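Below, each chain spelled out in residue letters.
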Amino acid sequence: EAIDMMGTGYFQYKILIAAGLGFAADAIEVLLLSFLSLELREDWDLTETQTATMTASVFAGAFVGSLVLGPAADTYGRRPVFLACGALLSLFGMGTALSQTYIFFLVMQFLVGVGVGGLTVPFDILAEFLPSDKRGSFLLCIEYFWTGGSLLVALMAYLTLQRSWQFFVVLCALPCVFSTILAALWVPESPRWLLTQGRQEEALNILNLAARQNGQDDLYQNRILIIGDELEENSSFAELLKPRFRKLVLALWGVWIGFGLCYYGTIMVVVRVFSDLDDGSTNQSDHQDFDYMSIVVSSSAEILGVTLVLLLIDRIGRIPTQMAAYAGGCISVFLLCFLASTENISRNVLLVCAFSARVFEMSSTGVAWVSTAELLPTEIRTTGHGTANAMARIGALVSPYLIDDLGSLRTIGIIMGVVHIGTMISASYLPESKNMVMGGGAEAVHNRRQDEPEPDSYHLL
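Keep in mind it's a predicted model, so treat the numbers as computed, not measured.

### Things to note about the overall build of the chain
Inference 1: Regarding its fold elements, the chain presents 19 helices and zero strands.
Inference 2: In the chain, 83% of the contacts between residues at least 6 apart in sequence involve partners at least 24 apart.
Inference 3: Approximately 18400 Å² of the chain is accessible, and the part contributed by carbon and sulfur atoms is 61%.

Structural data, given as structure tokens:
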């Protein structure tokens, strides 16, 4: 109620910019390896497995970071963990440019991944400052930063990769440096988290600061009781699997491990299809060739994907939107893989399939991020979101081995189709969070179970 009274304005837009740049940095640091791993395969004479391991190293780090930094944010606060993530990404992102050996590169990228794993925290901070009626659409705006990062990494690869991969890596680390600086200046601690620690006065001061910046002077001066009812609990992994949260958490894990493989696998399929595409050129360079125009055009599809979700998420709901997006992604990726295996197929046909695949993957991913933050209660939000993110990194960790090591695109298309269907089934078990009070997912699952009629012997059979 206190957050709803605050409204949205200058205060939330500042957090959106700081968190959004962190999201852009996440996209850049992960997606740069789609280009860089293929370039270094040529320079360092790597095997396909070694090349896939370069990409997998950042996802392995992100898995560890998700499991460590999510619970840390529930224990020590959102703000310090946000700043720590930014520092890790900035330091080791720049440090990657110093790599002279394969092993040193893997270590740097693993540590970058640890920072990437904690970037659910800025998303959750933003969610905890938003009124319920604006939360869905506002949270989706952060996905435009991710899309901007996707486009920027392709542009920077085109301009710098063949001249100096080290310069390319340094440029890719700059958005995170800016995000960390802005977070230090603009992002306060979450009042919801402060209340779980019994720090009501600090929470009230931050709420009043936010209200003033939104043009509503000291809105809560005489209303301290309305913010005093958050649960004082300590979050842990064991808490997630208690009966109160178990069904919700397991369904979320299923969705996140699926979309991790779907999203990153689709990106790698697109890069594979449009790298060394025979366009009649006779380039004799030692560098890996990419059809940058096709990659950029397909990446720009994410803008349309986020826009479609913005139009649909508060009209038809989170779960129907998500399931429709997974179905569309399944069809698009399957067609892309099969058509790319066909001789003399038109480049434009492949581009249409790649474009539609990126639209659907971005749509489903955006809804998953929003609904997860809405469904998890405050006392386990960053731990739950962090472990869900860890599941996504498991899916992402598998994707480079799937895309690089399996020779047949048709086999990849079949596997990707099956994963999309499984993810869609997992999403069907989530409660709808449209217009739901923040953190009401566990109660909704419990109530839905109670409302289900007892099955007769025929249905039990």
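Structure shown, so let's carry the discussion forward.
### Brief notes about the packing of helix α4 (residues 78-95) against helix α5 (residues 102-117)
Inference 1: Relative to each other, α4 and α5 sit at 160°, their axes nearing to 8 Å. Comparing their axes, α5 and α4 come out roughly antiparallel. The handedness of the crossing between α4 and α5 comes out as left-handed. Between α4 and α5, the residues in contact are C85, L88, L89, F92, G93 and G95 and F104, M108, L111, V112, V114, G115 and V116, respectively.
Inference 2: In the contact of α4 with α5, the residues fall into 10 nonpolar, three polar and no charged.

### Here we look at the packing of aromatic side chains
Inference 1: Counted according to the given criterion, the structure contains 15 aromatic pairs.
Inference 2: Geometrically, the ring pair formed by F23 and W369 is edge-to-face, given 4.9 Å between the ring centres and 70° between the ring planes. Taken together, the residues span a long stretch of sequence, with F23 in helix α2 (residues 10-44) and W369 in helix α15 (residues 347-375) at a distance of 346 residues. Taken individually, F23 and W369 each receive the classification buried, so the pair is uniform in this respect.

### Observations concerning the pattern of salt bridges
Inference 1: According to the stated counting rule, one finds eight salt bridges in the structure shown.
Inference 2: For R381, the salt bridge goes to E128, with nearest N and O atoms at 2.7 Å. Highlighted residues: R381 in helix α16 (residues 381-405) and E128 in helix α6 (residues 120-128), separated in sequence by 253 residues. Considered together, R381 and E128 belong to a single accessibility category, that of buried residues.
Inference 3: Here D314 and R318 are joined by a salt bridge, their closest N and O atoms 2.7 Å apart.
Inference 4: The network of salt bridges with shared partners includes D74, R78, E128 and R381.

### Describing the side chain of T180
Inference 1: Take T180: it is sitting in helix α8 (residues 165-186).
Inference 2: Reaching out from T180, the side chain makes a polar contact with the backbone oxygen of G86 at a distance of 3.4 Å.
Inference 3: The contact partners of T180, leaving out residues within four places of it in the chain, are L83, G86, A87 and S90.

### Some words on α8
Inference 1: Given a rise of 1.5 Å per residue, 22 residues ought to cover 32 Å, and the 33 Å separating the end C-alpha atoms of α8 matches this to within 8%.
Inference 2: Contacts from the buried residues of α8 go to α2, α4 and α7 (132-160).

### Comments concerning the nonpolar core
Inference 1: In terms of nonpolar packing, the biggest core is built from 130 residues, with L36, F168 and W256 touching the most fellow members.
Inference 2: The dominant element in this core, judged by the number of residues it contributes, is helix α12 (residues 246-273), at 17 residues.
Inference 3: Apart from residues lying up to four places away in sequence, W256 is in contact with A368, W369, T372, H385, A388, N389, M391 and A392.

### Notes on the environment of G395
Inference 1: If you trace the backbone, G395 turns up in helix α16.
Inference 2: Judged by its relative accessible area of 4%, G395 falls in the buried class.
Inference 3: Sequence separation between G395 and G258 is 137 residues, and the spatial gap between their C-alpha atoms is 6.3 Å.
Inference 4: Leave out the neighbours within four places in its chain, and G395 touches I257, G260 and L261.

### Details of the confidence of the model for the chain
Inference 1: Summarising the model, the chain shows a mean pLDDT of 83, and 86% of its residues fall at 70 or more.
Inference 2: The low-confidence segment residues 278-284, where pLDDT is below 50, has one contact with residues more than four positions distant or belonging to other chains.
Inference 3: Confidence drops under pLDDT 50 across residues 452-461; counting only partners more than four residues distant or on other chains, this segment forms one contact.

### Some remarks on the environment of A62
Inference 1: The residue A62 is located in helix α3 (residues 48-76) in this model.
Inference 2: Among the residues examined, A62 registers a relative accessible area of 0% and is labelled buried.
Inference 3: Considering only alpha carbons, one finds A62 and G113, 51 residues apart in sequence, at a separation of 4.2 Å.
Inference 4: Each residue touching A62, except ones within four places of it in the same chain, is listed here: G113, V114, V116, G117 and R393.

### Here we look at the side chain of N214
Inference 1: Relative to the helices and strands, N214 is located in the loop between α10 (200-213) and α11 (237-240).
Inference 2: Side-chain polar atoms of N214 contact the backbone nitrogen of Y10, separated by 3.1 Å.
Inference 3: Dropping the residues within four chain positions of it, N214 is found in contact with M6, G7, T8, G9, Y10, F11 and Q12.

### With respect to a nonpolar patch on the surface
Inference 1: A surface patch of nonpolar side chains, about 400 Å² in accessible area, is lined by L304, L308, L311, L312 and I316.
Inference 2: One can find I316 in the loop between α13 (292-312) and α14 (318-340).

### Examining the packing of α2 against α6
Inference 1: Across the interface, α2 lies against α6 with an axial gap of 9 Å and an inter-helix angle of 160°. Here α6 runs roughly antiparallel to α2, going by the angle between their axes. Seen from above, α2 lies across α6 with left-handed handedness. Two secondary-structure elements touch here, α2 through Q12, I15, L16, A19 and F23 and α6 through P122, F123, I125 and L126.
Inference 2: Looking at the contact of α2 with α6, its residues break down into eight nonpolar, one polar and no charged.

About the criteria used
- Residues numbered from 1 in each chain as written.
- Predicted model: local features only at pLDDT ≥ 70, side-chain atom pairs only at ≥ 80, totals over all residues.
- Heavy atoms only, no water.
- Helix = DSSP H or I, 4+ residues; strand = E, 2+ residues; numbered from the N terminus.
- Contact = heavy atoms within 4.5 Å.
- Areas by Shrake-Rupley, 256 points an atom, 1.4 Å probe, with all protein chains shown as cover.
- Axes fitted to C-alpha atoms, helices over the stretch in contact; angles between N-to-C directions.
- Parallel < 35°, antiparallel > 145°, perpendicular 65-115°, else oblique.
- Left-handed = near helix turned anticlockwise from the far one by under 90°.
- Nonpolar A, V, L, I, M, F, W, Y, C, P; charged D, E, K, R; others polar.
- Phe/Tyr/Trp six-rings, centres within 6.5 Å; stacked < 30°, edge-to-face > 60°.
- Buried < 20%, exposed > 50% of the residue type's maximum accessible area, 1.4 Å probe, protein only.
- Salt bridge = Lys/Arg side-chain N within 4 Å of Asp/Glu carboxyl O.
- Polar contact = N/O pair within 3.5 Å; in protein donor to acceptor, adjacent residues only side chain to side chain.
- Expected span 1.5 Å × (residues − 1).
- Core = buried A, V, L, I, M, F, W, Y, C linked by side-chain atoms within 4.5 Å.
- pLDDT = per-residue confidence, 0-100.
- Patch = residues over 30% accessible without salt bridge, like charges linked within 9 Å, V, L, I, M, F, W, Y side chains within 5 Å.

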